[in-house]
Amino acid sequence: MTTTGPTAAIVAKKHPVDDLLRADRLPHILCPGCGIGTTMHCYLEALVESGVHVDKHVCVSGIGCSGRTAGYVKVDSYHSTHGRALPFALGIAVYRPELTVTVISGDGDLSSIGGNHLIHAARRNVNMTVICINNFNYGMTGGQAGPTTPMTAKSGTTPYGVADKPFNLPHLVNAVGANFVARWSVLHARQLKDSILRGMRKPGFAFIEVLSPCPTGFGRPNDVGEGIEEMLKYHRRCKWDDKARLEDVDIDMLRPDSPVIVGNFVDRDRPAFCPATGAPPASPTGATEESTKERAAMKDAH
Amino acid sequence: MTKTHRKSDQPKNKPLRTPMDLSYAKVPQGQVYVIPERCKECRFCVEFCPQGMLTLSTEINAKGYHYPQIREGREKDCIHCGFCNLVCPEFAIYTHEIAAVDTPIQEGSHEHAVTE
């Protein structure tokens, strides 16, 4: 450790959460001012606080900037095909119910190409936590308009402005019956961490939408500016309202007077998805303790 | 810049009531650690440090970014809240608690904690 001047901070080589990261891959490829790293950090802090052993955590990602997360965290992780993060996670959650499954993916991956999977995973109330990083565009492919891009926003595919109404993801997921629905911006890092922890501990489908700055894809063509300026927008305009009507929590980042409602919106206790028998699935060897005993008893009877 | 999620009209950083543990609570003192090679100069830590004690360096790292460092004369101001650690997207800054300051919190002592 060396200091380079009277006001320099102590220079370190290693971060406390480096044990949970593939630190040799850092610094990561994400742009300066992007919020995906913060979300990753909040996930790791929640993972540490959950008290569940790191081997019992699984991180599943789709494709896109946010899909890179699975490659940077050093837990069992799955970088799945485009839009299919939820079916992969569903398979894991059903076959190995003792695992804590977390899906970290983007708005384009989860609500556009994987939109149907999102609806049906929430309808079935599968026991998993979904962190949807919403940056209002398709970032990795160069800033095209997606299903969450606000109206009138300019992008690579909409030079005259988007004409469609964007998705209201908390309302959508609540309507099909998810157990836990929250929305935070990247600036609400502590609340985000607490929500991820609540989602991990909640049986059933937990959905957390994270509003993240995207200076390259969304900020530049729409004059929002760099990542820090979008963060200051969240600082000014976010309103914490847990009891907000979910019909009214649409986001319009481009209209200066519209508030951005954040909070833990829904917390209910519908029974979580369990395969038809209601019994836990058999172990990979095909024999549970009970079935072995039953078979032995049947043999004795014969 | 106002905190819109706070419902009252209280000025920023002013507590809504006198804390019940005011007589014996101690402010922790932290130490900031920086990993300059990872920094990409997003300025989240500098902007959102509640003590406003960080600034950008004059030197640059290998990729040409200015990394955070402590303002002159503010070395002992870190209260180990850990927000820079949590908000940094690059895992490039963190704090450690070194000691709890012996002097109890004075009413109004929070007022210097204003971010620029």
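The structure this text deals with has already been given above.
To keep things clear, this report deals only with the structure shown in the data block. Keep in mind that what you see is a predicted model, and the values were worked out from it rather than measured. (Residues numbered from 1 in each chain as written. Chains lettered and ligands numbered in written order. Predicted model: local features only at pLDDT ≥ 70, side-chain atom pairs only at ≥ 80, totals over all residues. Heavy atoms only, no water.)

Residues and elements named next belong to chain B. The tally for this structure, following the rule as stated, stands at three cavities of 30 Å³ or more. By volume, the largest cavity amounts to about 110 Å³. Here the lining of the largest cavity gets three residues from one element, more than from any other, and that element is helix H1 (residues 44–48). Here the residues of the lining of the largest cavity are counted per class, giving 11 nonpolar, no polar and four charged. Computed from the structure, the second largest cavity encloses a volume of approximately 90 Å³. Looking at the second largest cavity, it is lined by 13 residues, and the ones nearest its centre are Cys49, Cys78, Cys81, Cys84 and Thr95. (1 Å grid on protein atoms, 1.4 Å probe; cavity = no way out; pocket = protein on both sides within 12 Å on 5 of 7 lines; lining within 4 Å. Points joined across faces, edges and corners; volume = space filled by probe spheres on them. Helix = DSSP H or I, 4+ residues; strand = E, 2+ residues; numbered from the N terminus. Nonpolar A, V, L, I, M, F, W, Y, C, P; charged D, E, K, R; others polar.)

Okay, the interface of chain B and chain A next. Taken together, the contact between chain B and chain A spans 43 residues of the former and 49 residues of the latter. A combined buried area of about 3,800 Å² lies between chain B and chain A, and 61% of that area is made up of carbon and sulfur atoms. Per-residue buried area on chain B facing chain A is highest for Arg38(B), Leu86(B) and Phe91(B); these three make up 21% of the total on that side. The interface formed by chain B and chain A contains two salt bridges. Between Glu226(A) and Arg43(B) there is a salt bridge, and its shortest N-O distance comes to 3.7 Å. Where chain B packs against chain A, one counts 14 residue pairs in polar contact (both at pLDDT 80 or more). Elements supplying a minimum of two residues to the side of chain B that touches chain A: strand S1 (28–34), H1, strand S3 (68–70), helix H2 (83–87) and strand S4 (93–100) of chain B. The class makeup of the residues in the side of chain B that touches chain A is 22 nonpolar, nine polar and 12 charged. Two strands pair when backbone bridges link them, and strand S1 (residues 10–11) of chain A and S1(B) are joined in this way by two bridges, in the parallel orientation. Within S1(B), the position partnered with Ile10(A) by the bridge is Tyr33(B). (Contact = heavy atoms within 4.5 Å. Buried area = accessible area lost by both parts, 1.4 Å probe. Salt bridge = Lys/Arg side-chain N within 4 Å of Asp/Glu carboxyl O. Polar contact = N/O pair within 3.5 Å; in protein donor to acceptor, adjacent residues only side chain to side chain. Pairing = 2+ DSSP bridges.)

With that settled, consider the pattern of salt bridges. All names here are of chain A. Going through the model one piece at a time under the given rule, you end up with 16 salt bridges over all chains. A salt bridge links Arg198 to Asp267; the nearest nitrogen and oxygen atoms lie 2.6 Å apart. Taken together, the positions of Arg198 in helix H7 (residues 189–201) and Asp267 in strand S9 (residues 260–267) put the pair 69 residues apart, joining distant regions of the chain. Given the relative accessible area of 36%, Arg198 is considered partly exposed. Of the residues examined, Asp267 reaches a relative accessible area of 42% and is grouped as partly exposed. Three or more residues joined by partner-sharing salt bridges are found here, namely Arg198, Lys202, Asp267 and Asp269. (Buried < 20%, exposed > 50% of the residue type's maximum accessible area, 1.4 Å probe, protein only.)

Moving on, we get to the packing of helix H1 (residues 36–49) of chain A against H7(A). All names here are of chain A. Running from N to C, H1 and H7 point in directions that differ by 50°, and their axes come no closer than 8 Å. The angle between H1 and H7 places the two elements in the oblique class. Every pair of crossing elements has a handedness; the one defined by H1 and H7 is right-handed. In contact with Thr38, Thr39, Cys42, Tyr43, Glu45, Ala46, Leu47 and Glu49 of H1, H7 contributes Ala189, Leu192, Lys193, Ile196, Leu197, Met200 and Arg201. Looking at the contact of H1 with H7 residue by residue, the class counts come to nine nonpolar, two polar and four charged. (Axes fitted to C-alpha atoms, helices over the stretch in contact; angles between N-to-C directions. Parallel < 35°, antiparallel > 145°, perpendicular 65-115°, else oblique. Left-handed = near helix turned anticlockwise from the far one by under 90°.)

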